[in-house]
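# Reading the structure
Below are the chains, spelled out letter by letter.
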Amino acid sequence: MITEIAPARERESAAPQQPRKARRAWDEVPRWQIYLPLGIYLVFTLIPFYWILLFAFRPAGSTSLVPWPMTLDHFQKVWTERSFGVYFQNSVYVGVATLILTTVVALAGGYALARFEFRIKRAFMLALLCSQFVPGALLLVPLFQIFAKLQMINSLGSVIIAETVFQLPLSMILISGFIRNVPQSLEEAAWVDGCNRFAAFRIVVLPLLRPGLIAVGSFAFVHAWNHFLFALMFLSDQSKQTIPVGLNTLMGADSVDLGALAAGGIIAAVPVVIVFAFIQKWLITGFSAGAVKG
């Protein structure tokens, strides 16, 4: 009887070890099975960028697949002859102004949504969410009529206001979610020390919101920098156009100057790449912290 129980116990103790071996074998995936699909995806992603660099730095009329000898004639052409210097300046002005307005207004609205309770709060949040499903093209006619009555057509201010209004719903939702992560007890402790609500917010809460503010501001800047529709509809003077509209002018009805178009695309992409290179960690932290259930 003893000899029969012992093997059974040995089989029971040995049984749980099989899933461990299988699990360990599953974890030891060959590296080429990971790197191969990632490498293929990387190649398909980088080929368009290389193609743009090729046309931008390759001399006109050349058919070489290597941009050598390199030339900057296309950049000089679009910057001086095609007025890209003016377009760049206008885009910077629109982007920075949209960033500041969106961040300030979204900060005030997000704080109200996170810290105060009122009757229509849920309906208001639902309206903010539903507004994200409305395409910007549907806003062109009412916004154009409003700006025409305010005599703001052909003014950069109209584009700034339109971009800010378009960015506010998502920005307020993100900021409110980020403020909810800050314990209200910190503000209450500042109130006990003699601070009013604004002082407590400025001293205690605002420094903790830096990742969220960077995320919202960068998102607003990039959207204003790349948006084509509002600038096309509200700005008629060439001296007030932005870079997306300027890129559209490089494409003619019968022919396209690929070298100038590629150079203009690089000029348009470099500021955005630089911004994301410096704020990448803050951007990821801000969006992950703000995207929480309220």
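Read on for an overview of the structure. (Residues numbered from 1 in each chain as written. Predicted model: local features only at pLDDT ≥ 70, side-chain atom pairs only at ≥ 80, totals over all residues. Heavy atoms only, no water.)

## Remarks on the pattern of salt bridges
Taken as a whole and assessed by the stated rule, the structure comprises two salt bridges. Between E117 and K121 there is a salt bridge, and its shortest N-O distance comes to 3.2 Å. (Salt bridge = Lys/Arg side-chain N within 4 Å of Asp/Glu carboxyl O.)

## What about the packing of aromatic side chains?
Under the definition given, this model contains twelve aromatic pairs. On the numbers, 5.5 Å between centres and 70° between planes, the contact of F84 with Y87 is edge-to-face. Taken together, the residues span about one helical turn, with F84 and Y87 both in helix 5 (residues 84–115) at a distance of three residues. In this structure F84 comes out as buried when scored by relative accessible area, which is 0%. On the basis of relative accessibility, which here comes to 1%, the residue Y87 falls in the buried class. Grouping aromatic residues by their ring pairs yields a cluster made of F144, F147, F166, F230 and F234. Lying over the aromatic face of F55, R58 brings its terminal NZ or CZ to 4.7 Å of the ring centre. (Phe/Tyr/Trp six-rings, centres within 6.5 Å; stacked < 30°, edge-to-face > 60°. Helix = DSSP H or I, 4+ residues; strand = E, 2+ residues; numbered from the N terminus. Buried < 20%, exposed > 50% of the residue type's maximum accessible area, 1.4 Å probe, protein only. Lys NZ or Arg CZ within 6 Å of the ring centre and 35° of its normal.)

## Describing the packing of helix 5 against helix 8 (residues 156–180)
For the pair helix 5 and helix 8, the least separation of the axes is 6 Å and the interaxial angle reads 35°. For the element pair helix 5 and helix 8, the recorded crossing hand is right-handed. Of the residues assigned to the contact of helix 5 with helix 8, the class counts are 17 nonpolar, nine polar and three charged. (Axes fitted to C-alpha atoms, helices over the stretch in contact; angles between N-to-C directions. Left-handed = near helix turned anticlockwise from the far one by under 90°. Nonpolar A, V, L, I, M, F, W, Y, C, P; charged D, E, K, R; others polar.)

## Re the packing of helix 9 (residues 184–192) against helix 10 (residues 197–205)
Interaxial distance between helix 9 and helix 10 falls to 9 Å at its minimum, and their mutual angle equals 125°. Comparing the axis directions of helix 9 and helix 10 gives the class oblique. The handedness of the crossing between helix 9 and helix 10 comes out as right-handed. Contact residues: L186, E187, A190 and W191 in helix 9; R197, A200, V204 and V205 in helix 10. Tallied by class, residues from the contact of helix 9 with helix 10 come to six nonpolar, no polar and two charged. (Parallel < 35°, antiparallel > 145°, perpendicular 65-115°, else oblique. Contact = heavy atoms within 4.5 Å.)

## Describing the side chain of H227
Within the secondary structure, H227 is located in the loop between helix 11 (210–226) and helix 12 (229–234). For H227, a relative accessible area of 18% puts it in the buried group. Ignoring anything within four residues of it in the chain, the contact list for H227 reads E163 and P244.

## Observations concerning helix 11
Here helix 11 is 17 residues long and its end C-alpha atoms lie 24 Å apart, about the 24 Å a rise of 1.5 Å per residue gives. Burial within helix 11 is extensive, with twelve of its 17 residues counted as buried. When helix 11 is considered as a whole, its buried residues turn out to be P211, G212, L213, A215, V216, G217, S218, A220, F221, V222, A224 and W225. (Expected span 1.5 Å × (residues − 1).)

## Let's talk about the side chain of T98
Structurally, the position occupied by T98 is in helix 5. Assessed through its relative accessible area of 0%, T98 is described here as buried. Leaving out residues up to four positions away in the same chain, T98 has contacts with I160, E163, T164, A220 and A224.

## Side note on the environment of A190
Here A190 is to be found in helix 9. In this structure A190 comes out as buried when scored by relative accessible area, which is 8%. When the C-alpha positions of A190 and A200 are compared, they lie 5.6 Å apart, and in sequence the two are ten residues distant. Beyond its immediate chain neighbours, meaning those up to four positions away, A190 contacts C195, A200 and V204.

Scope: geometric values only; no functional claims are made or implied.
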